Each structure stands twice: as C-alpha cells, then as structure tokens.
Amino acid sequence: MKEILLLKKVGSFAENKDFAREIRIKEILPALENNEEIILDFKGIDSATQSFVHALISDVIRKYGVEALDKIYFKNCNETIKKIINIVSDYMQEM
Amino acid sequence: MRIHLPNSAFLGNIDPFLQSFDSSDSSRLEITANKKWISIHPVVLSMVAALGLNVKTQNIHCEELEATSAHYLERMGLFKLLQIKSSIKIIEHEPAGRFIPLTIINNSKDLTNFISEIVPMLHLEPKQAEPIKYIMSELVRNVLEHSCSKIGAVVSAQYYKKSNTIRMGVVDTGVGIKKTINESYIAPTHLEALKLALTPGITGTTRKEGGTEFNAGAGLFFIKSIAKINRDFFVIYSGNAMYKLLKSAQGMEHIRLHADPFQDKHSKREDLPFWEGTVVGIDISLDATKEFSALLDAIRDIYIKTIKERKKEKYRGPRFI
C-alpha cells in the first residue's frame with residue numbers, strides 16, 4: 001500500500017494543477033501499474049479546487065476505468081474536499 | 001485608446017463605462033476621469049492597468065485627477081504599476097484597508113503566493129475565504145493556461161464595508177474566449193463563445209466528455225454558480241460581447257442552477273468596443289455566503305444532469321426499416 005501525504009507537496013489550499021499532475025504521473029500511475037493500492041492523504045488540507053482534483057485523478061480513471069477507484073483511498077478529507085472528489089469521479093464515470 | 005473613469009462603475013451599472021471605452025490606436029492610452037468623484041469596481045481598475053501595460057509608458061497620458069476620491073487609484077497601485085507620475089499623496093499602509101492592490105500574476109508560483117496573501121490582505125475568516133480563494137485561483141489559472149496573455153493576469157480586489165461585499169476583477173489581454181473555444185467548438189460570435197464557456201463540461205481543449213487530463217470545462221460554470229447561489233453579480237466580457245449574471249431576487253428560498261447561462265436572470269450584449277482578451281468581474285457578499293460545501297451539492301446535481309443529457313443527445317439507436 002502506497003501512502004501519499006499531499007499537504008507538504010501542495011499546501012493547505014490544493015489548487016496548483018502542476019503539482020497534481022506531477023503526483024499523478026510520478027506516484028499514482030506507477031503504483032497502479034504495479035498493482036499497488038494507494039492512499040491519498042488530505043490531512044491538513046482545508047480546501048481543493050475542482051481543477052486540482054481533476055488533474056490529480058481524472059486521467060487515472062480514464063486510463064484504468066472506474067476500477068481504479070477500488071484501489072485508491074481518499075483519507076482525512078473534509079466535507080468540501082469529499083464533495084469535490086465526488087463531482088470529479090461522477091463526471092468521469094459519465095464519459 | 002481612451003478610457004474614462006466615471007462617477008460610478010460597478011457591475012450593476014458597468015455598461016455605459018464599457019460602451020464609452022475607445023479601443024482605437026492601441027499604441028497610446030489616454031486616461032480621463034470624472035472631476036468630482038470616482039467610485040469604481042476593481043475590475044475597472046484592472047482593465048485600465050491591463051490596457052496601460054500594453055502601451056509604452058511615454059505613450060500613456062493621465063489627466064490631472066481632481067476628484068477627491070482619486071487617491072483610490074494611487075492606493076490600488078495604478079500609477080506605480082504603469083510607471084506614471086501622480087501628484088496624489090496617500091498613506092499607503094492603512095491598517096484598516098481591506099484590499100488587494102493591482103497585482104500581476106504570470107505563473108503558477110506567483111498564483112500560489114498570491115492565494116496565500118488573500119486571507120490576511122482582505123482580513124477574511126476561513127469560512128468567508130474559501131469561495132474567494134477558489135474563484136481567484138480558477139480565474140487566474142484560466143488566464144495562465146488558455147489566454148496567451150503577454151502581461152499575465154491583472155487582478156485586484158476590494159472589501160466594501162457598507163455592503164459587506166468583496167469585489168474582484170481578473171483581466172487579461174490575451175486571445176479571448178472565442179479563439180479558445182473555437183479550438184474545439186463552433187462559436188460564430190463572441191457571445192456564443194461566452195455561452196459555451198459558461199456551460200458545464202465545455203472546454204476549448206477537447207470535445208470529449210470529461211475533458212482532457214488537465215481541463216474539464218467546469219471552472220467558469222462553478223464560478224457563475226457560486227455568484228448565482230449567493231445572489232451576486234458576475235460579468236464576463238470578451239471581444240465585443242458581455243454576459244452579466246444579474247442578482248436573483250431576495251426571498252426566493254431555493255435558487256435553481258441552469259446549465260445554459262441564458263436561462264439564468266442575465267443581460268447580454270454584443271455591441272461593445274472590442275476587448276482583446278477577457279475581463280471577469282465578480283462580487284461576493286459575505287452576508288449571503290452559503291457554506292461552500294452546501295453550494296457544491298447544488299453544483300454537483302446540475303453538472304452531472306447536464307453531462308447525462310448531453311450524452312443522451314449523442315446516443316444513436318439502430319434504425320430498423
């Protein structure tokens with residue numbers, strides 16, 4: 001199980017899509033490639049933009065299908081962040 | 001070019017100001033102002049600054065400002081940014097001031113730094129800060145990613161005590177919405193392009209549902225929805241067209257979001273002087289600010305419904321003859 005602590009990479013307001021893309025390409029996709037499960041830990045993050053979450057997970061869902069969501073755990077998310085992740089995962093499944 | 005700062009120009013009454021802007025001869029800029037009083041939305045200030053940044057300093061002429069409120073322009077950093085002299089003297093660091101002076105954002109790092117300064121500069125509580133940071137981040141990212149603006153994004157914001165409102169402006173002088181949208185969709189007019197840009201799931205980067213790995217076509221729809229639910233103004237102006245979300249009437253308990261921006265209470269026009277780039281102004285009333293997470297529920301419902309409907313439209317069944 002690979003655990004990714006997002007706070008130190010993206011700060012308490014997760015809005016920088018460049019960081020999101022870097023995490024996806026360098027950490028999430030290689031872990032899935034190795035059939036590993038992943039924990040994305042949002043501890044200490046107060047809020048996130050839809051753009052950030054889209055850059056973080058949309059391409060993962062596109063590449064691996066909705067099954068990717070069975071292998072990713074979103075940890076320590078507050079209500080706002082949970083809702084934004086739900087919006088992105090919803091519309092990616094409506095493709 | 002010539003731009004006149006009127007007695008009053010806020011989002012509700014911005015039309016005459018926009019209509020009076022003279023966009024001819026882009027090598028020169030003349031700034032004039034009302035003699036008695038200047039009371040303007042930050043987006044107006046961002047527009048003046050953006051125009052000036054595209055003109056050589058020696059070709060900018062600002063008439064001597066007589067209005068007693070002209071110090072606002074100095075305090076917001078207009079003359080400093082454009083490197084033109086002003087005779088206005090002010091105390092720059094007013095402790096009670098709740099404003100973000102004119103700021104240029106050119107890259108992602110600038111934006112991250114800027115976002116971290118919003119809360120202390122506007123003296124916001126965390127709950128109030130959430131939608132403001134969200135809006136600023138998404139609008140500026142649009143400029144950085146899509147506009148090709150040589151001057152980056154010109155932003156400014158101000159807190160208005162009387163109405164307990166934060167007013168913000170984000171302006172660029174890039175390629176404009178129509179060119180960006182036309183990369184993937186057919187929008188024959190600037191107004192049609194604005195409509196598409198405000199529709200959930202439409203991005204200039206692709207026609208695919210779900211967008212690309214980097215863009216989903218959700219940003220402007222989210223921002224317009226935040227304004228709508230809070231019963232605030234939102235204005236977007238690009239090319240010769242402007243779309244203005246008008247305030248919803250008080251007393252309506254439930255506000256319905258629409259995927260089609262033309263179904264919202266709005267005004268629109270496509271007879272304005274040509275703006276090379278994009279101008280966005282928005283007000284967020286701190287009294288009316290809904291819990292951000294509650295607001296996301298409403299956005300989620302309409303967003304998913306719209307994508308489902310669009311998918312259904314594209315569905316083709318077998319034709320039996």
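Structure shown above.
It should be emphasised that the depicted structure is a prediction, and the values quoted were computed from it without experimental measurement.

### Here's the deal with the pairing of strand β12 (residues 275–285) of chain B
All names here are of chain B.
Alright, step 1. Among the eleven residues that make up β12, ten are buried, leaving the element largely enclosed by the rest of the structure.
Alright, step 2. Pairing analysis gives eight bridges linking strand β8 (residues 165–172) to β12, with the strands arranged antiparallel. Its bridge partner lying in β12, Arg167 is registered against Asp283.
Alright, step 3. As paired strands, strand β9 (residues 234–239) and β12 are joined by six bridges and run antiparallel to one another. Bridge pairing in β12 links Val235 to Gly281.

### Comments concerning the interface of chain A and chain B
Alright, step 1. Between chain A and chain B, the contact holds 29 residues from the first and 34 residues from the second.
Alright, step 2. Note on chain A versus chain B: buried area summed over both sides is about 2,800 Å², and carbon and sulfur give 55% of it.
Alright, step 3. Put simply, Asp90 of chain A and Arg300 of chain B hold a salt bridge, and the shortest N to O gap is 2.6 Å.
Alright, step 4. When residues of the side of chain A that touches chain B are traced back to their parent elements, those giving at least two are α2 (17–33), β4 (47–48), α3 (50–64) and α5 (79–93) of chain A.
Alright, step 5. The leading source of residues in the side of chain A that touches chain B is α5 of chain A, at nine residues.
Alright, step 6. For the side of chain A that touches chain B, the per-class residue count stands at eight nonpolar, nine polar and twelve charged.

### Some remarks on the sheet that holds strand β5 (residues 60–62) of chain B
Residues and elements named next belong to chain B.
Alright, step 1. In spatial order, the strands read β1-β3-β5; together these three strands make up an open sheet with parallel pairing. Each having just a single partner strand, β1 (2–5) and β5 make up the two edges of the open sheet. For this sheet, the mean inter-axis angle between neighbouring strands, taken without regard to orientation, is 15°.
Alright, step 2. In this structure, β1 lies alongside strand β3 (residues 29–33), joined through four bridges in parallel fashion. Residue Ile3 lies in a different strand from β3, and its bridge partner there is Ile31.

### Focus on the nonpolar core
One recurring pattern in soluble globular proteins: nonpolar side chains tend to sit buried together.
Alright, step 1. In this structure, Ile28 and Leu40 of chain A together with Phe234 of chain B are the most contacted members of the largest nonpolar core, which totals 95 residues.
Alright, step 2. Sequence-distant contacts of Leu40 of chain A, that is, excluding residues within four places in its chain, are made with Ile4, Leu6, Ile28, Leu56, Ile57, Ile72, Tyr73, Phe74 and Lys75 of chain A.
Alright, step 3. Core analysis: the next-biggest nonpolar cluster, separate from the first, contains 48 residues, Ile14, Ile31, Ala50 and Met242 of chain B among them.

### Here we look at the side chain of Ser51 of chain A
Alright, step 1. The topology assignment puts Ser51 of chain A in helix α3.
Alright, step 2. Judged by relative accessible area, Ser51 of chain A falls into the buried class, the value being 10%.
Alright, step 3. Non-local contacts of Ser51 of chain A, meaning those with residues more than four positions away in its chain, are made with Lys17 of chain A together with Glu138 of chain B.

### Here we look at the environment of Cys77 of chain A
Residue and element names in this part refer to chain A.
Alright, step 1. Positionally, Cys77 belongs in the loop between β5 (72–75) and α5.
Alright, step 2. A C-alpha to C-alpha distance of 21 Å links Cys77 and Asp59, two positions 18 residues apart in sequence.
Alright, step 3. Those residues within four positions of Cys77 in sequence are excluded, and the remaining contacts are Phe42, Lys82 and Ile85.

### A few points about the packing of aromatic side chains
In this description, a pair of aromatic rings is defined by centroid distance and the angle of the planes.
Alright, step 1. This model, assessed by the stated rule, comprises nine aromatic pairs over all chains.
Alright, step 2. Summarising the aromatic geometry, the rings of Phe21 of chain B and Trp275 of chain B are spaced 5.7 Å apart at their centres and angled 55° between planes, so their arrangement reads as tilted. Here the residue Phe21 of chain B occupies a position in the loop between α1 (15–20) and β3, and Trp275 of chain B occupies one in strand β12, the gap between them amounting to 254 residues.
Alright, step 3. Taking relative accessible area as the criterion, Phe21 of chain B reaches 4% and is therefore assigned buried.
Alright, step 4. Judged by its relative accessible area of 2%, Trp275 of chain B is buried.
Alright, step 5. Feature note: the residues Tyr91 of chain A together with Tyr134, Phe221, Phe222, Phe292 and Tyr303 of chain B constitute an aromatic cluster, connected by ring pairs.
Alright, step 6. Above the face of the Phe99 of chain B ring, Arg75 of chain B is positioned so that its terminal group lies 4.5 Å from the ring centre.

Rules used throughout
- Residues numbered from 1 in each chain as written.
- Chains lettered and ligands numbered in written order.
- Predicted model: local features only at pLDDT ≥ 70, side-chain atom pairs only at ≥ 80, totals over all residues.
- Heavy atoms only, no water.
- Buried < 20%, exposed > 50% of the residue type's maximum accessible area, 1.4 Å probe, protein only.
- Helix = DSSP H or I, 4+ residues; strand = E, 2+ residues; numbered from the N terminus.
- Pairing = 2+ DSSP bridges.
- Contact = heavy atoms within 4.5 Å.
- Buried area = accessible area lost by both parts, 1.4 Å probe.
- Salt bridge = Lys/Arg side-chain N within 4 Å of Asp/Glu carboxyl O.
- Nonpolar A, V, L, I, M, F, W, Y, C, P; charged D, E, K, R; others polar.
- Axes fitted to C-alpha atoms, helices over the stretch in contact; angles between N-to-C directions.
- Core = buried A, V, L, I, M, F, W, Y, C linked by side-chain atoms within 4.5 Å.
- Phe/Tyr/Trp six-rings, centres within 6.5 Å; stacked < 30°, edge-to-face > 60°.
- Lys NZ or Arg CZ within 6 Å of the ring centre and 35° of its normal.

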